[in-house]
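Results of the structural survey
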Amino acid sequence: MAKYGKDYFGWNRVLSIILAIIPVTSFILGFVTRIAEGKIVAALVRIILGWNIIWIVDLVMMIINGQIWRLINC
(Lines give C-alpha, C1' and ligand atoms only; values in the text may rest on other atoms or scores of the structure.)
Protein backbone atom coordinates (compact mmCIF):
# COMPACT_ATOMS: atom_id res chain seq x y z
CA MET A 1 0.00 0.00 0.00
CA ALA A 2 0.96 3.61 -0.40
CA LYS A 3 3.00 5.27 2.32
CA TYR A 4 1.72 8.53 3.70
CA GLY A 5 4.06 11.21 4.99
CA LYS A 6 2.09 12.18 8.06
CA ASP A 7 -1.33 11.24 9.35
CA TYR A 8 -4.05 11.62 8.29
CA PHE A 9 -3.23 10.89 4.64
CA GLY A 10 -0.59 13.61 4.46
CA TRP A 11 -3.10 16.36 5.22
CA ASN A 12 -2.16 19.66 6.84
CA ARG A 13 -1.07 19.20 10.47
CA VAL A 14 -3.59 21.74 11.82
CA LEU A 15 -6.43 19.98 10.00
CA SER A 16 -5.22 16.61 11.32
CA ILE A 17 -5.17 17.93 14.89
CA ILE A 18 -8.69 19.31 14.53
CA LEU A 19 -9.91 15.97 13.18
CA ALA A 20 -8.13 14.12 15.99
CA ILE A 21 -9.94 16.21 18.61
CA ILE A 22 -13.32 14.93 17.40
CA PRO A 23 -13.64 11.34 18.72
CA VAL A 24 -15.72 9.99 15.83
CA THR A 25 -13.46 11.31 13.09
CA SER A 26 -10.37 10.24 15.01
CA PHE A 27 -11.77 6.72 15.33
CA ILE A 28 -12.73 6.45 11.65
CA LEU A 29 -9.60 8.08 10.21
CA GLY A 30 -7.31 6.11 12.52
CA PHE A 31 -8.96 2.89 11.36
CA VAL A 32 -8.82 3.88 7.68
CA THR A 33 -5.19 4.99 8.01
CA ARG A 34 -4.15 1.61 9.43
CA ILE A 35 -6.10 -0.25 6.70
CA ALA A 36 -4.43 1.94 4.04
CA GLU A 37 -1.04 1.00 5.51
CA GLY A 38 -1.98 -2.68 5.20
CA LYS A 39 -2.01 -3.22 8.98
CA ILE A 40 -5.19 -5.29 9.43
CA VAL A 41 -4.50 -6.45 13.01
CA ALA A 42 -3.75 -2.90 14.10
CA ALA A 43 -6.99 -1.71 12.48
CA LEU A 44 -8.95 -4.38 14.38
CA VAL A 45 -7.34 -3.29 17.65
CA ARG A 46 -8.43 0.27 16.88
CA ILE A 47 -12.02 -0.91 16.41
CA ILE A 48 -11.98 -2.72 19.76
CA LEU A 49 -10.12 -0.09 21.81
CA GLY A 50 -10.54 3.06 19.70
CA TRP A 51 -13.02 4.92 21.87
CA ASN A 52 -10.96 5.23 25.01
CA ILE A 53 -7.23 5.15 25.63
CA ILE A 54 -6.16 5.03 21.99
CA TRP A 55 -8.16 8.20 21.22
CA ILE A 56 -6.46 10.13 24.02
CA VAL A 57 -3.00 8.87 23.09
CA ASP A 58 -3.65 9.58 19.39
CA LEU A 59 -4.63 13.13 20.23
CA VAL A 60 -1.46 13.73 22.27
CA MET A 61 0.75 12.09 19.62
CA MET A 62 -0.91 14.10 16.82
CA ILE A 63 -0.18 17.34 18.69
CA ILE A 64 3.41 16.35 19.55
CA ASN A 65 4.67 14.80 16.30
CA GLY A 66 1.81 14.81 13.77
CA GLN A 67 1.29 11.04 13.64
CA ILE A 68 -1.14 8.63 15.22
CA TRP A 69 0.11 6.12 17.73
CA ARG A 70 1.36 2.83 16.26
CA LEU A 71 0.65 0.35 19.06
CA ILE A 72 0.89 -2.70 16.80
CA ASN A 73 3.00 -2.70 13.67
CA CYS A 74 1.49 -5.77 12.03
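Quick note: structure is the one above.
This part takes up the nonpolar core. The tendency in soluble globular proteins is for nonpolar side chains to be buried as a group. Tyr8, Ile17, Leu19, Ala20, Leu29, Leu59, Met62 and Ile68 together form the largest nonpolar core, which totals eight residues. When contributions to this core are tallied by element, the ones reaching two or more residues are α1 (13-21) and α4 (53-65). The biggest single contributor to this core is α1, with three residues.

Quick look at the pattern of salt bridges now. Under the counting rule described, the total for this entry stands at two salt bridges. A salt bridge links Arg46 to Asp58, with the shortest nitrogen-to-oxygen separation between them at 2.6 Å. One end of the pair, Arg46, is in helix α3 (residues 40-49); the other, Asp58, is in helix α4, with 12 residues separating them in the sequence. We classify Asp58 as buried; its relative accessible area is 1%.

Turning next to a nonpolar patch on the surface. A contiguous nonpolar patch, built from Val14, Ile18, Ile21, Ile22, Val24, Ile28 and Val32 and spanning about 570 Å² of accessible area, is present on the exposed surface. Contributions of two or more residues to the nonpolar patch are made by α1 and α2 (23-36). Mapped onto the elements of the fold, Val14 is located in helix α1. Judged by its relative accessible area of 53%, Val14 is exposed.

A separate point is the side chain of Arg34. One can find Arg34 in helix α2. Judged by relative accessible area, which is 2%, Arg34 ranks as buried.

Here the focus is α3. Taken together, the buried positions of α3 are occupied by Ala42, Ala43, Val45 and Arg46. Taken down its axis, α3 places every buried residue within 160 degrees of arc, on the same side. Here the buried face of α3 lies against α2 and α4.

On the basis of relative accessibility, which here comes to 6%, the residue Arg46 falls in the buried class. Of the polar contacts made by the side chain of Arg46, one reaches the side chain of Asp58; its length is 2.6 Å. With residues near it in sequence (within four places) discarded, Arg46 still touches Phe27, Gly30, Phe31, Arg34, Ile54, Asp58, Ile68 and Trp69.

Scoring rules and cut-offs
- Residues numbered from 1 in each chain as written.
- Predicted model: local features only at pLDDT ≥ 70, side-chain atom pairs only at ≥ 80, totals over all residues.
- Heavy atoms only, no water.
- Core = buried A, V, L, I, M, F, W, Y, C linked by side-chain atoms within 4.5 Å.
- Buried < 20%, exposed > 50% of the residue type's maximum accessible area, 1.4 Å probe, protein only.
- Helix = DSSP H or I, 4+ residues; strand = E, 2+ residues; numbered from the N terminus.
- Salt bridge = Lys/Arg side-chain N within 4 Å of Asp/Glu carboxyl O.
- Patch = residues over 30% accessible without salt bridge, like charges linked within 9 Å, V, L, I, M, F, W, Y side chains within 5 Å.
- Areas by Shrake-Rupley, 256 points an atom, 1.4 Å probe, with all protein chains shown as cover.
- Arc of directions from axis to C-beta.
- Contact = heavy atoms within 4.5 Å.
- Polar contact = N/O pair within 3.5 Å; in protein donor to acceptor, adjacent residues only side chain to side chain.

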